[in-house]
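The residues making up each chain are set out below.
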Amino acid sequence: MPSHHFPAIFRDSSLLTPAPANAHNEVIGVDPATGYHVLCDGHFDPDTVPPEIRAAKETAFADFLVRLAKRLRARIHGTRTASWHGDCQALIERDLMGEFAGYIDRRDLRNAVDLQDALLAQRADRLAGRPLPEWKNDGPARPAIRRAFALAAKHRKTADQISTLAA
């Protein structure tokens, strides 16, 4: 099961190398693995991350959210494919914190982890053969689906903006 905690470098500044003298005052250190400056809010300094990497991370995060929303929606509408369980398992097991921490806003990452948990609950209901009245109409999956698509749109727009500025 993926971790719901942010990677250690964002929780323990002793794992960082010292910040260079010319760094912003919000920089608490440098990630030794990437060389990116880590800000006091637990994100990479966007000035030290190449725009193509930032855009790629935003796009990958948006793609993940769209796939997750589609899997949530497929269960409600009964349009599951044969690969639904496998897709759900892959989405649930993806370590969002390890993959996107530092690049994506913490609140958005926590929302995505909550959406993973919603998909896990939905999948457990399906495997147990439980009916879906709580997931239909205005049940808990509807806001989750809307939230996933809204987050995906936000991060897709951010990726487009980064790409446009880099060009």
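Given the structure is predicted, the values throughout are model-derived calculations rather than measurements.

Reading the values: rules and limits
Residues numbered from 1 in each chain as written. Predicted model: local features only at pLDDT ≥ 70, side-chain atom pairs only at ≥ 80, totals over all residues. Heavy atoms only, no water. Buried < 20%, exposed > 50% of the residue type's maximum accessible area, 1.4 Å probe, protein only. Helix = DSSP H or I, 4+ residues; strand = E, 2+ residues; numbered from the N terminus. Arc of directions from axis to C-beta. Expected span 1.5 Å × (residues − 1). Polar contact = N/O pair within 3.5 Å; in protein donor to acceptor, adjacent residues only side chain to side chain.

Visitor: Hey, could you run me through helix 2 (residues 84–93) in this one?
Guide: Each turn of an α-helix holds 3.6 residues, which means side chains three or four residues apart point in the same direction. Those residues of helix 2 lying buried are Trp-84, Asp-87, Cys-88, Leu-91 and Ile-92. Here the buried residues of helix 2 occupy an arc of 130° about the axis, which is enough to place them on one side.

Visitor: Explain the environment of Ala-56 here, please?
Guide: The topology assignment puts Ala-56 in helix 1 (residues 51–77). We classify Ala-56 as partly exposed; its relative accessible area is 45%. Along the chain, Ala-56 and Ile-162 lie 106 residues apart, while their C-alpha atoms are 9.6 Å from each other.

Visitor: Explain the environment of Thr-164 to me, please; I cannot follow it from the model alone.
Guide: Inspection of the secondary structure puts Thr-164 in helix 5 (residues 141–166). Under the relative-accessibility criterion, Thr-164 is labelled exposed at 58%. Considered as a pair, Thr-164 and Ala-55 are 109 residues apart in the sequence and their alpha carbons are 9.8 Å apart.

Visitor: Can you help me understand helix 4 (residues 106–127) in this one?
Guide: For helix 4, built from 22 residues, the straight-helix expectation of 32 Å at 1.5 Å per residue is met to within 8% by its first-to-last C-alpha distance of 31 Å. Among all positions of helix 4, only Arg-106, Asp-108, Leu-109, Ala-112, Val-113, Leu-115, Gln-116, Ala-118, Leu-119, Gln-122, Arg-123 and Asp-125 are buried. If you check the start of helix 4, you find a side-chain oxygen 3.1 Å away from the backbone N of Arg-107, and it comes from Asp-105. Positioned one or two residues after helix 4, Gly-129 has a phi angle of 75°, which is positive.

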